[in-house]
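# Observations on chain architecture
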Amino acid sequence: LDNKGDKAALYLADGTPALEGYSFGANTSISGEVVFNTGMVGYPEALTDPSYRGQILVLTYPLIGNYGVPDKNVKDELGLPLYFESKEIHISGLVVSEYSWEHSHWAAQQSLGKWLGDNNIPALYGIDTRALTKKLREMGSLLGRIEVNPSANLPQALPSSFFSNPNERNLVAEVSTKEITTYGKGNMTKVIAYDCGMKFNIIRYLVQTHNVELTVVPFDYNLEENPSNIEWEGLFISNGPGNPAMCSATVESIKYALALDPPKPIFGICLGNQLLSLAAGASTYKLKYGNRGMNQPCVDLRTGRCYITPQNHGFAVDSDSLPEFWKPLFINANDMSNEGIIHTHKPFFSVQFHPEASGGPHDTAFLFDKFVGHVRKEPQPLVLQNQSEYTKKTYKKVLVVGSGGLSIGQAGEFDYSGSQCIKALKEEGIEVILINPNIATVQTSQEKDQKSQGADRVYFLPIRPHIVMDIIYKEKPDGIIVSMGGQTALNVGVNLWKSGQLQAAGVEVLGTQIPVIEATEDREIFSEKLKEIGETIALSYSATNIEEALVNANKIGYPVLVRAAFALGGLGSGFAANDKELTDLASKAFSCSDQILIDQDLRGWKELEYEVVRDCNNNCITVCNMENFDPLGIHTGDSIVVAPSQTLTNREYFMLRTTALKVVRHLGIVGECNIQYALNPVSEKYCIIEVNARLSRSSALASKATGYPLAYVATKLSLGQDLVSIRNSVTKTTTACFEPSLDYCVLKMPRWDLKKFSRVSNKLGSSMLSVGEVMAIGRNFEEVIQKACRMVNPALVGLEGRDSNLLPCEETTPLEEQMRKATDTRLFAVQAALEDGWTIDQVHDVTKIDKWFLSKLRNIADMRTFCKSQGDITKVLAVNGKQRMKALKMAGFSDRQIGRYVNLPGREGERQIRQIRKSLSVKPCVKQIDTLAAEFPAQTNYLYMTYSGDFDDVVSSEVDLSKSSEVKRSSSSVEFERRVRALSTAADTEKATSFKEKGVMVLGCGAYCIGSSVEFDWCAVSAVRQLRRDGIKSVIVNYNPETVSTDYDESDRLYFEELSLERTLDIYEREGVGGVIVSVGGQIPNNIACHLSDNGAKILGTSARDIERAEDRRQFSDMLDTMGIDQPAWSVLRTQEEASEFANKVGYPVLVRPSFVLSGAAMRVALNEEQLKNFLELAAEVADDKPVVVTKFILGAKEIEFDAVANKGTILNYAIGEHLENAGVHSGDATVILPAQKLYVNTIRHVKRYASAIAKSLDITGPFNIQFMAKGNQVQVIECNLRASRTFPFVSKTLKNNFISLATRAMCGLPAKPYRISLLDIDYVCVKAPMFSFTRLRGADPTLGVEMSSTGEVACYGSSAHEAFLQALLATNFKLPERNRSILVSIASDEYRYEFADAANILKKLGYKLYGTPGTAKYYNDKFDLGFISASKPENEDDFGDGAELSALTEIRSDNIDLLINISEGSEVRTDEITSGYIMRRAAVDFGVSLITNVKCAVFFAEAMEKKHDKFPSRHIQEFYDIPTIGWSE
């Protein structure tokens, strides 16, 4: 925990107190001018750049030293060191935030620290470089001094005699060559170069790339006298350090050259630009802090094109002082300073930036072509402005195609990108039409206010080509956007384009054109396109049948990767090691695509990705690059991803960036796309994996990681705007044509829910399995990976091995095997190995994870080991207490985690550690994300917290809850070990005005997972927007990059942070808010409500005490009994025996349910004693110390959903929805009908009476949801959630009134007037249907039960329940049985067979060919004479029948069946039914056959088909709202 290196300090000449850190370079003191560089790579190049002579360099990127320093003895063909820009280090000293003591790179020969030490250059780390950069930005470059082991006698601020100003020295004289050298002798073109501090890469460009004979002379060589008789046809003036006024001798020689007739071409770079200007008669001035970095946007004034340039200079040319015939050539798009000059009719020009790069981008290297062309007297091509500026089309109406229900591979990121797209279109005054049946999303909301304008018309309809065309005929839009709705929208766009329907309707595809999209999706066209520009993809062949696939696989050599073309998230893909595995995989892949791809296996290579943006003027930038923690072989959606890349050198980073721009320009993409690479880990060999010509998951991640709103910018570009004219949304002053510079590190970690599915393997491969993701922001890798672990799984305290309780049994799966196979728990296996003492090399050999990442994980393991070995916090902090506590916090350890290691477990231990930490003044600081590493002032409140820093970026009004006198604590209750409730720090008499200013903190939903998805983001956004309307400051906390709530435009302050108790309290105290809303973010905020209240935070709405009474199964059930409200018989479990005694008394089946869980986690129906025993063990694991309840499970009952908003115990508004399926299907997986269609009046009366009594008893203020069960006229309560539920957006949009807006006003104590809603007077019906991802979850049984398994939902409207139901079913990608018109029916029990009989009759009448498994066929043929064809049931997965009769499995697999209706549940569960039923259901999913597994849905489907609801008009939501009703009128 103790910092390595000697103490060191940076003193500044302005008298600021010394900035204290630690040394990692030479043990020497030095002074110089302090400047900053915002580049994220390239420290060996920067340190050897002569332009930095005499300067103390501050690197804004916090992680430095990752890839070591290459070998200085490796030389290029000219004998120059290959990896450096000169022969020595030129900086005076180096200042960084975090130094990497372990480096990892194949080209590294030594560490950065050793190299600096050997060259006598001091360096220090542990400095808040962001705060220092902001200081330099505000005050300008300052003189500074680094002192290593500063004397105790030194004052905090040093006198001026301690500092020396390098700008008073002739720095050029120090760095210029002393002798004349000629490179490329014998080359025809002869150029003389003035070395004012020339970088080696300039020599390489001129000599190696352009075959010039280059004679390099000292800066003061007299050209007029030319004592060495050098022959020259062109003059080059190099870069260099310091003040151009010091180079009078060089200026005189340039003046001589300018006067020659005929003129000889002159080209200058950097200092050369300033010297040419002085020689021409212009003047220069010192910039406030200079331009140093790799992302400066410069506009070519001839064409308007903008280039990203590397720069390093402190002086600039005054454009206004240019004499006659001289004009500015480039200007800086950010600060408008001069970036180049040109003579109007002579071949003289110069630029302020570095076209030779190194480090940095090579975008302007064409200037060397221009100069050498001039020298060779070759005619220069005419450069003209792009005429597209003047032919820009205007659009009046645009159709945006959404992505539909959330599924694995296509989740909430498309709600975010679609919302951004609509916002960008509305800003341009365009009418927006949206088709998206996903009712839970923000983009399908229509509430309008100034800040958040929704689409003008929303169609909740299935996204199918013919439906999109119906809307086009009706709405007549000018344009259509298909790049914002994932693969769903893209496939529809491609289909309509290929069929010619879009062209015929005169609708233009905006953004990237369809032929370009096809070129990226079709491997063969893509490969050909890349060959045209000399790039290659991994060996890859396509196949349209299995024989072809086998031939191609053998051509490449096993193992190979098999994937389906045109599929999202690697659907239908996997690795095959031999012909048999290939045949199995290929047959499944062909079920979802008619073309499959066989790729070379590059597992073990590094996987990298660049997000690229291009406009119609060919301006092209990369917004973000990302590196996968896992080597290639895992779908990027299932990989841990770090941005920016951590282990790439400058050469590799810009090699891949240059390729990205080349490919994107060649393909002709307009808008945003990403390119993925495989990079050989031991060389610079790479190949392109793929290009996605649309917004993708990583686009949402890149937008949030950098603060660059990709979807918004891409939409503007698709309208024909260019990047230069769009503003940077964060700074508001600089252009959007720039590449963000990060001064932090971002880590994305996927969230899986594989444990919900039995039989599903947790092996990760090329097909995506994760249901959501989190993004952690910090200033070092240890911090972000520990943060991310807690975000993904709130039960974790940080990154731990076996203590995570996530590892499988090591007896069955040894640790090494767990590391070798990529699974959802491999990270924890790796951590366990490092905790066990495995070396980094040993772990790397097994996993192929880069050693740099592993070294960071070992740091975490070592710190943990130290704390555990001390076992006591006083021992841990005995020496250097504050520094050690800070070291733990900087490495991402949570208070709870530290407490556990020092024997202070649980919430009480966490509280004690928090107190100790605060007493040591170790508190997190708040940092901004500003896209430009503090180089320009930011206008956003996009924030994160870190311990790697000393100063806050924003002003806040702090409160200290622990010192609040009003917090009273009572003794802990035995049952809960909980220290208890509190009065709030804020008295109720608080004035509304101060409450508005203090603001409200809204806790978001965290990672999307099964059970908590985009609907909770809708709730959070609705709450924040209502706060804005009421003039209340809003502070949102969330860490999900796919959400709209984490868009920095939505709230006054956005904290991209953990939703843990510790971090929520940190933010609460820092912001001093008036209260916190915990009821709109699902279960995660709800679970910490009591602890927040314990710590003195004010919970708005229902009190924490009452939330606990509803969440705790036992307290809630007791309350209902006291009130005389009916509920199924229940018992709290203490022992196994008591549970089985209870089960035998009430009779099986029984339901086992833990408290405080979402989406029915670990909820199970036990049919017998053995199952009960197994389920109890599982529930006890999930429930921690909370009670587990066993309830009688009632069969054949109807489930009712009651959503409402109450104020102080009185219900304001409510909605009653009914489930189509009987109780026993989790409400998240049920088909819900609103308004309810088939409930008895008496039932509704009971529901309202019970709900009203519960609201009063729990004193509810805010949103809540109760689930009821009705059988006959008996109504029973299942459960009550004192928070917004999954159905709130569905209810709000159907009833045209936002329930969350109303709840927010009630919770904030504002007048909350109920909406006028009469459920009986609504003349339309909305049906919500679940969206499943079983195709991805290989082996999962696609049936429904009490634990939720759907990943998303859709909802559609109709005049009747049947019409809405069929549309909703189609919106979940259900295919109607139209192709063969054949349906296979397999129903287990006579009870269900009887219930389905009428439906079977209907299907027969409709002309369907009906197949049945033997029992089912016999039943319907004997009783109803329906002519069912019998097909045998499979006994195992390879049972294709004996040939004597039809086999059900063969019929499904050979595509003869369109729909399988398989109903296996029921009171009698027969084992053979489960196995053969499972095999048939699974085959249906694997082979793309539609499937219905619930008898009620099957009957409803048949009735809907009979009523011909498969044909329906395309109506938008407003048309339903406008249906006149009798009853309420406004």
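Residues numbered from 1 in each chain as written. Predicted model: local features only at pLDDT ≥ 70, side-chain atom pairs only at ≥ 80, totals over all residues. Heavy atoms only, no water.

### Here we look at the nonpolar core
The criterion, for reference: Only buried residues count toward a nonpolar core, which is a set of Ala, Val, Leu, Ile, Met, Phe, Trp, Tyr and Cys residues joined through side-chain atoms within 4.5 Å. Buried, partly exposed and exposed residues are distinguished by accessible area as a fraction of the type maximum, computed with a 1.4 Å probe on protein chains only: under 20%, between the cut-offs, and over 50%, respectively. Contacts: residue pairs with any heavy atoms within 4.5 Å of one another.
Ranked by internal contacts, the top residues of the largest apolar core, which has 362 residues, are Leu47, Leu94, Leu112 and Phe1396. Dropping the residues within four chain positions of it, Leu94 is found in contact with Phe24, Leu47, Leu57, Leu59, Leu112, Leu116, Pro122, Ala123, Leu124 and Ile146. Counting 33 residues, the second largest nonpolar core, distinct from the first, contains Phe757, Tyr1478, Ile1479 and Leu1491.

### Some remarks on unusual backbone geometry
Keep this limit in mind: A run of H or I in DSSP counts as a helix once it spans at least four residues, and a run of E counts as a strand once it spans at least two, with each numbered from the N terminus.
The omega torsion of the bond from Tyr558 to Pro559 falls at -5°, within 30 degrees of zero and hence cis. Relative to the helices and strands, Pro559 resides in the loop between helix H15 (546-556) and strand S28 (560-564). A positive phi angle, close to 60°, is found at Ser358, a residue other than glycine. Within the fold, Ser358 resides in the loop between strand S21 (348-351) and helix H8 (366-375). One non-glycine residue, Asn805, lies in the positive phi region at around 60°. Here Asn805 lies in the loop between helix H20 (781-792) and helix H21 (815-820). Classification of Asn805 as exposed rests on a relative accessible area of 68%.

### Side note on the sheet that holds strand S36 (residues 745-751)
Note the threshold: Note on pairing: DSSP must find at least two bridges between two strands before they are called paired. To get an axis, a line is fitted to the C-alpha atoms, and for a helix only the part in contact is used. The angle between two axes follows their N-to-C directions and goes from 0 to 180 degrees.
Taken together, the 7 strands give an open sheet; going across it, the order is S35-S34-S31-S32-S33-S36-S37, and neighbouring strands pair in antiparallel fashion. Looking along the sheet, the strands with just one partner apiece sit at the ends: strand S35 (686-692) and strand S37 (772-778). Between one strand axis and the next, the sheet turns by 25° as a mean value, whatever way the strands run. Two elements, strand S32 (residues 620-628) and strand S33 (residues 641-643), share 2 bridges in a ladder whose sense is antiparallel. Among the inter-strand pairings, Asn628 is bridged to a residue of S33, identified as Val641. In this fold helix H17 (residues 650-667) packs onto strand S31 (606-614), S32, strand S34 (671-679) and S35, with an angle of close to 50° to the strand it touches most, S31.

### What to know about the side chain of Gln110
Looking at the element boundaries, Gln110 is found in strand S9 (residues 108-110). Those residues within four positions of Gln110 in sequence are excluded, and the remaining contacts are Gly68, Val69, His103, Trp115 and Asp118.

### Considerations on the packing of aromatic side chains
Aromatic ring pairs are defined here through the distance separating the ring centres and the angle between the ring planes. Which entries qualify depends on this criterion: Note on ring pairs: Phe, Tyr and Trp rings are taken, using the six-membered ring of Trp, and paired if centres are within 6.5 Å. Classes follow the plane angle, with under 30 degrees stacked, over 60 edge-to-face and the rest tilted.
Applying the stated rule across the entire model yields 49 aromatic pairs. Considering the side-chain rings of Phe1374 and Phe1501, the 5.6 Å spacing of their centres and the 65° angle between planes classify their relative orientation as edge-to-face. With Phe1374 in the loop between helix H40 (1361-1371) and strand S55 (1382-1387) and Phe1501 in helix H45 (residues 1495-1506), this residue pair connects regions lying 127 residues apart in the sequence. An aromatic cluster of at least three residues, connected via ring pairs, comprises Tyr205, Phe236, Phe267, Phe349, Phe368 and Phe371.

### What about the confidence of the model for the protein chain?
Convention followed: Confidence of the predictor at the level of single residues is given by pLDDT, which spans 0 to 100.
When pLDDT is averaged across the protein chain, the result is 90; 95% of the residues are at 70 or more. pLDDT under 50 marks residues 965-991. Its contacts with residues more than four places away, or in other chains, come to 57 contacts.

### A word on the pattern of salt bridges
What counts is decided by this rule: A pair is scored as a salt bridge if a Lys or Arg side-chain nitrogen falls within 4 Å of a carboxyl oxygen belonging to Asp or Glu.
Counted according to the given criterion, the structure contains 90 salt bridges. Here Glu690 ties to Arg563 by a salt bridge, and the two come within 3.6 Å at their closest N and O atoms. Residue Glu690 is found in strand S35, and its partner Arg563 is found in strand S28; the two are separated by 127 residues along the sequence. For the pair Glu690 and Arg563, a shared accessibility class is recorded, and that class is buried.

### Brief notes about the environment of Gln109
With respect to the helices and strands, Gln109 occurs in strand S9. For the pair formed by Gln109 and Pro70, sequence separation is 39 residues and the distance between their alpha carbons is 5.0 Å. Discounting chain neighbours no more than four positions away, the residues touching Gln109 are Val69, Pro70, Asp71 and Lys72.

### A word on the environment of Val955
Relative to the helices and strands, Val955 resides in the loop between strand S39 (942-946) and helix H29 (992-998). Relative accessible area serves as the criterion here: at 73%, Val955 is assigned to the exposed category. In this structure the C-alpha to C-alpha distance between Val955 and Arg1070, which are 115 residues apart in sequence, comes to 9.3 Å.

### Concerning the state of the cysteines
What counts is decided by this rule: Any cysteine sulfur atom paired with another within 2.5 Å is treated as part of a disulfide.
With the rule as written, the count across this model stands at 0 disulfides. Here Cys789 is not cross-linked by a disulfide; its sulfur's nearest cysteine counterpart is in Cys745, at 14 Å. Under the relative-accessibility criterion, Cys789 is labelled buried at 1%. No disulfide involves Cys1356; its sulfur sits 7.4 Å from the nearest other cysteine sulfur, which is in Cys1326.

### Some remarks on the sheet that holds strand S41 (residues 1034-1038)
A sheet is described by the order of its strands in space; here 6 strands give the open sequence S38-S39-S42-S41-S40-S43, paired in mixed fashion. Each end of this open sheet is capped by a strand with a single partner; those strands are strand S38 (925-928) and strand S43 (1075-1077). With strand direction ignored, the average angle separating the axes of adjacent strands in the sheet is 30°. With 4 bridges connecting them, S38 and S39 associate as antiparallel partners. Looking at S39, one finds that Val926 is bridged to Met945.

### What about the packing of H20 against helix H24 (residues 851-870)?
What counts is decided by this rule: Throughout this description, any angle smaller than 35 degrees is read as roughly parallel, any larger than 145 degrees as roughly antiparallel, any in the 65 to 115 degree range as roughly perpendicular, and the remainder as oblique. Just so you know the grouping, Ala, Val, Leu, Ile, Met, Phe, Trp, Tyr, Cys and Pro go in nonpolar, Asp, Glu, Lys and Arg go in charged, and all remaining residues, Gly too, go in polar.
One can describe the packing of H20 onto H24 by two numbers: an axis separation of 9 Å at closest approach and a directional angle of 75°. Between H20 and H24, the angle is such that the two are roughly perpendicular. On H24, the residues that touch Phe781, Glu782, Ile785 and Gln786 of H20 are Trp852, Phe853, Lys856, Leu857, Asn859 and Ile860. Split into classes, the residues belonging to the contact of H20 with H24 amount to 6 nonpolar, 2 polar and 2 charged.

### Some points on helix H31 (residues 1061-1071)
The buried count for H31 comes to 11 of 11 residues, which makes it a mostly enclosed element. Along H31, the residues that are buried comprise Leu1061, Glu1062, Arg1063, Thr1064, Leu1065, Asp1066, Ile1067, Tyr1068, Glu1069, Arg1070 and Glu1071. At the C-terminal side of H31, Gly1072 shows a positive phi close to 60°.

### A word on the pairing of strand S52 (residues 1274-1281)
Each regular strand carries side chains that alternate between the two faces of the sheet. With 6 of its 8 residues buried, S52 lies for the most part within the structure. Two elements, strand S51 (residues 1262-1271) and S52, share 7 bridges in a ladder whose sense is antiparallel. Pairing of Gln1267 across the sheet is with Glu1279, part of S52. Counting the residues that bridge the hairpin from S51 to S52 gives 2 residues, and of these Gly1272 lies at a positive phi of roughly 65°.

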